[in-house]
Amino acid sequence: MVDTVKRFGATTALDGLTMEVAQGEIHGFLGPNGAGKSTAIRVLLGLLRPDSGSARLLGGDPWSDAPRLHSRLAYVPGDVALWPGLTGGEVIDLLGRLRGGLDERRRGELLDRFDLDPTKKGSTYSKGNRQKVALVAALASDVELLLLDEPTSGLDPLMEAEFRAVIATERDRGRTALLSSHILSEVEHVCDRVSIIRDGRVVESGTLAQLRHLTRTQVSAELAAPVPDQLRALPGLHDVVIEENRIQCQVDDPALSDLLARLSAVGVVSLTSHPPTLEELFLRHYGPGDATSDPSPR
Amino acid sequence: MTGRLTGLGALVRLGLRRNRWSYLAWVLGLGVVAPATATAYETIIDPANADVLIATMTANPTMRAMLGPPFDLSTPGGFTVWRVGTFIVTMAGLMALLGVIRSTRAEEEEGRIELVRSGVVGRDAPLLAGSLVALAACGALGLLLTVSMTAVGTPMVGSLAFGLGTALVGSVFVGVGAVTAQLSATARGARALALWVLAAAYVLRALADGAAEDSAIRTWAWLSPVQWMAFVQPYAGERWAVLLLPAVLTVALLALAVALEGRRDHGSGLRATRAGRERGGPGLGSPLGLAWRLHRGSLLGWTVGMVLFGLAMGSLSTSFGDMLSEAPVLEDIFRRMGGGTEQLTDAFFVAILGIVAVLMGVLAVLVFQRLATEERRGHAELVLATSATRRGLLGSHALLAAVVPVVLLTLVGALLAAAYARSTGDWSQLGRVAGAALALAPGGLLVLGLAVLLHGWVPRFAWLVWVVVGWSLFMIWVGATLGLPEWLTRLTPWAPLPQLPVDAMSWPPVLGLLAAAAVLGAVGSVGYTRRDIT
Ligand SMILES: Nc1ncnc2c1ncn2[C@@H]1O[C@H](COP(=O)(O)OP(=O)(O)OP(=O)(O)O)[C@@H](O)[C@H]1O
Ligand SMILES: [Mg+2]
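Keep in mind that what you see is a predicted model, and the values were worked out from it rather than measured.

Quick look at empty space enclosed by the protein now. Residues and elements named next belong to chain B. In the structure shown here, the tally under the stated rule is five cavities of 30 Å³ or more. The volume enclosed by the largest cavity comes to roughly 90 Å³. Lining the largest cavity are 14 residues, with Pro69, Phe71, Gly78, Val81 and Trp82 sitting closest to its centre. When residues of the lining of the largest cavity are assigned to their parent elements, the largest contribution, four residues, is made by helix α5 (residues 76-109). Grouping the constituent residues of the lining of the largest cavity by class yields nine nonpolar, four polar and one charged.

Pasting the structure below:
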């Protein structure tokens, strides 16, 4: 997509979005609520027509070549709405046939892996199970490209792990995927490259190694004695805040063991660590000023 | 009990706010019909030969079947109750059941009641709030009728009976809607059930009123709530005790609805949903297959309903001979007008087919607008992300919307003539009346074309098509009595078409409307391939 703009009335959902997903890669698409992730995917699906800019998909035009291109891709929407009167199995078969056929063996295998009962009516599935129906329908077809809008929302941790494993095998089979998410750690596990989008613009894009600075761990600890001041100078530590016995900082992954060794030398009373949330990232990297600005008119 | 009703007041206010415009439109629309008819009394019933006119109308089984039992047509009030009363009452029932289902089951289905229930709200409050708002709308309609009929000079006592009767019969259908909203897990299902009850009540009283004077069938009318307002006999020696029937039934139905709601889980109907098929059947592999699957249940319901309606109305057509032989004065009049039983029967067919044709237009729009629901719910997105084309998706719904109503219309035509054909032994009548029905089909197709056009280019204005349909229905049912100028009453898609057994066939309007429908549909489908699907 190059310089794509999409407006809904007064709202600008995509504001000059430029990004590229190479063939054979699993591309993570990160952004806070309302950033324009779903809108971008809908433009790629030819459901929305961009106001300006251009988009190419599998060598074709996503708007005018939609039906032809769609036989080579599968889509899982962010909010899966199943027909209340159709069973999960019927929906999987319907979507597969509309796409031009599905792989029977994989269908059965995926139903097993995701532990999904295909005989239930659409209205009786839980959110996670609706998501699974759409995932099975998408993954059971032999397609080149997967467009997945928050594919793991609603899945329990066990199923999320299963999903990651499936995506990993898909990558090995040479498929391309674009998957959106709010959660950095989620895309970290499965993606080769990541684009971060905010207010309809890509603000950061690259391989995971290039974005390593985004994956620092946030550490806060309380020690038995005052924190030695020379910790500030330790390589790989950022944004260090020291107050008497307490320390807060962000740590590059390679520096973690060194830091922990030094902390335990003093004596640790309590310690918490977590990966930075997306919001923290945005606050830190792109300024707090417009992190709270809501692009929607109301 | 108080705990179970906590939050009722707030929910009623919310319901009033959310539905005020739709209820206001219903109440005003229905409320003006009665005083307008009363005002036009002198122009309809020419005082010079009022007796003959009234005798004709009273004895005519078609008019009785369609309008209800005439009690006293010699005053504007009594005439109005007969001429438009049953229509108003039926429409009040429709307003009530649609309204109550919209604020209960539909809200539950969309997940909004769940939000409400998580607040401080008693168990019965959402259901009763929806019912109370609908009851209030019925009450407002009754009040408007009483005041406006008194204002145009009819006796106040009669007006009060008219208003109360209408409000209470409407209330019965608040109860019906509240009960069906508990039985079915979907708003569509609940509406279908409640509409069946309303249609059955209407047809039951039509059969009873159309039956011969001494027939036992006449008393069946007491079983139909739609008839109870007429049985109060406004302006014709009011029988107030009859008002107890709808009042008691309303309370009973609402109590039943509350009891039923207590026995089911949130979000489900009364029946547990069964497991379904594990695999999609062979038909479920194209947009058309999907559309058929989505529509087949309700289309089957419509088919059964229209078959029953056709047979029931058809059975009335054979009583014309009896009627004429019983009333020599009438036979004389019809002789002079240049016909006999035959002509009377044809006029009856024309009258019924005129209504059925518009009704099939309603069906066409309902079927087609399912596509809008598919888009709103995100189902269309799933389909359009596959190799299915937009034209294919639009076309599959439009195709069903075009074909099924036309087939049903023709079928009703044939069935209408069945009883008459059997009694005369002239089976060619079947084809003749079926053909007459088919000649009216382009009107519905034109409306469908308009629906496609709007959906393709400006889906926000899709409701405009309901204005056209509503206007046509209104004009065909009561338009003639309002004394409106003829060009206005003929401003419907069906008016230019030849009304066959009576008129001669004329191809230009039929072909013209078909061509117009095709053009609208084609232009609409171009729009659909160019707009965003959101
Ligand atoms: N059909 C629409 N009409 C009007 N505004 C819309 C429409 N669709 C999206 N928007 C607006 O466009 C912006 C981007 O929305 P989008 O759904 O693409 O965000 P998202 O990144 O997918 O968010 P989330 O993480 O919540 O799914 C939002 O401000 C949203 O309100
Ligand atoms: Mg989204």
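Next up on the list: the nonpolar core. One broad trend across soluble globular proteins is that nonpolar side chains are buried collectively. Ranked by internal contacts, the top residues of the largest apolar core, which has 149 residues, are A:Trp83, A:Leu147 and B:Phe368. With 16 residues, the single largest contributor to this core is helix α15 (residues 341-376) of chain B. The contacts of B:Phe368, once residues within four sequence positions are left out, are B:Leu394, B:His397, B:Ala398, B:Ala401, B:Leu448, B:Ala451, B:Val452 and B:His455. By size, the runner-up hydrophobic cluster in this structure holds 67 residues, among which are B:Leu97, B:Leu145, B:Phe173 and B:Ala194.

This brings us to the packing of aromatic side chains. Residue and element names in this part refer to chain B. According to the stated counting rule, one finds eight aromatic pairs over all chains in the structure shown. Consider the rings of Phe71 and Phe231, whose centres lie 6.4 Å apart with planes at 65°: the pair is edge-to-face. Taken as a pair, Phe71 in the loop between α4 (61-67) and α5 and Phe231 in helix α10 (residues 225-231) lie far apart in primary sequence, 160 residues in all. According to the relative accessible area criterion, Phe71 is partly exposed, its value standing at 39%. Seen in terms of ring centroids, Phe349 and Tyr420 are 6.3 Å apart; in terms of plane orientation they differ by 80°. Their pairing is edge-to-face.

We now examine the domain arrangement of chain B. All names here are of chain B. With domains assigned, chain B is organised as domain 1 (1-271) and domain 2 (285-534). Here the C-alpha centre of domain 2 lies 26 Å away from the C-alpha centre of domain 1. Every contact between the two is made by 27 residues of domain 1 and, on the other side, 27 residues of domain 2. Interface area, domain 1 with domain 2, both sides summed: about 2,400 Å², of which 74% is carbon and sulfur. Joining domain 1 to domain 2, the criterion identifies zero salt bridges. One can count one residue pair in polar contact (both at pLDDT 80 or more) joining domain 1 with domain 2. Considering every element that reaches the side of domain 1 that touches domain 2, the biggest residue donor is helix α9 (residues 187-210), with seven residues.

This paragraph deals with the pairing of strand β7 (residues 176-181) of chain A. All names here are of chain A. Counting buried residues along β7, six of its six residues qualify, which places the element largely inside the surrounding structure. Side chains of β7 alternate between two faces, with Thr176, Leu178 and Ser180 and Ala177, Leu179 and Ser181 buried alike. Pairing of strand β3 (residues 26-30) with β7, which is carried by five bridges, proceeds in the parallel orientation. Bridge pairing in β7 places Leu30 opposite Ser181. The pairing of strand β6 (residues 145-149) with β7 spans five bridges and is classified as parallel. Its bridge partner being in β7, Asp149 is matched across the sheet by Ser180.

A complete count under the given rule lists 30 salt bridges over all chains for this structure. Among the salt bridges present, the one from A:Glu222 reaches A:Arg246, with a minimum N-O distance of 3.9 Å. Of the two residues, A:Glu222 is situated in strand β10 (residues 217-223) and A:Arg246 in strand β12 (residues 246-251); the sequence distance between them amounts to 24 residues. A:Glu222 gets classed as partly exposed once you look at its relative accessible area, which sits at 27%. Of the residues examined, A:Arg246 reaches a relative accessible area of 46% and is grouped as partly exposed. The salt bridge partner of B:Arg264 is B:Glu108, with a shortest N-O separation of 3.0 Å. Highlighted residues: B:Arg264 in the loop between α11 (244-262) and α12 (287-316) and B:Glu108 in helix α5, separated in sequence by 156 residues. The burial state of B:Arg264 is the same as that of B:Glu108; both residues are buried. What emerges from the salt-bridge pattern is a single network uniting A:Asp93, A:Glu104, A:Arg107 and B:Arg279.

Turning our eyes to something else, we now look at the confidence of the model for chain A. Per-residue confidence for chain A averages 86 on the pLDDT scale, and 91% of its residues sit at or above 70. Of the regions scoring below 50 in pLDDT, residues 288-298 of chain A engages in eleven contacts with residues more than four places distant in sequence or in other chains.

Another point: the side chain of B:Gln429. Residues and elements named next belong to chain B. As for its placement among the helices and strands, Gln429 is situated in helix α18 (residues 428-439). Look at Gln429 and you get buried, because its relative accessible area is 4%. At a separation of 3.0 Å, a polar atom in the side chain of Gln429 contacts the side chain of Asp426. In terms of polar contacts, Gln429 uses its side chain to reach the side chain of Arg432, at 2.8 Å. Discounting chain neighbours no more than four positions away, the residues touching Gln429 are Ala417, Tyr420 and Ala421.

Let's shift gears to the interface of chain A and chain B. Between chain A and chain B, the residue contacts involve 36 residues of the former and 37 residues of the latter. Buried surface at the junction of chain A and chain B, both sides included, amounts to about 3,200 Å², of which 56% is carbon and sulfur. The largest per-residue losses of area from chain A upon contact with chain B belong to A:Leu47, A:Trp83 and A:Leu98, which jointly make up 22% of the total buried on that side. A salt bridge links A:Asp93 to B:Arg279, with the nearest nitrogen and oxygen atoms 2.8 Å apart. Taken together, the links from chain A to chain B amount to 25 residue pairs in polar contact (both at pLDDT 80 or more). Secondary structure elements with two or more residues in the side of chain A that touches chain B: β1 (2-8), α2 (66-70), β5 (73-76), α3 (88-99) and α4 (104-113) of chain A. Ranked by residues supplied to the side of chain A that touches chain B, first place goes to α3(A) with eight residues.

Rules used throughout
- Residues numbered from 1 in each chain as written.
- Chains lettered and ligands numbered in written order.
- Predicted model: local features only at pLDDT ≥ 70, side-chain atom pairs only at ≥ 80, totals over all residues.
- Heavy atoms only, no water.
- 1 Å grid on protein atoms, 1.4 Å probe; cavity = no way out; pocket = protein on both sides within 12 Å on 5 of 7 lines; lining within 4 Å.
- Points joined across faces, edges and corners; volume = space filled by probe spheres on them.
- Helix = DSSP H or I, 4+ residues; strand = E, 2+ residues; numbered from the N terminus.
- Nonpolar A, V, L, I, M, F, W, Y, C, P; charged D, E, K, R; others polar.
- Core = buried A, V, L, I, M, F, W, Y, C linked by side-chain atoms within 4.5 Å.
- Buried < 20%, exposed > 50% of the residue type's maximum accessible area, 1.4 Å probe, protein only.
- Contact = heavy atoms within 4.5 Å.
- Phe/Tyr/Trp six-rings, centres within 6.5 Å; stacked < 30°, edge-to-face > 60°.
- Domains from an automatic or database assignment.
- Buried area = accessible area lost by both parts, 1.4 Å probe.
- Salt bridge = Lys/Arg side-chain N within 4 Å of Asp/Glu carboxyl O.
- Polar contact = N/O pair within 3.5 Å; in protein donor to acceptor, adjacent residues only side chain to side chain.
- Pairing = 2+ DSSP bridges.
- pLDDT = per-residue confidence, 0-100.

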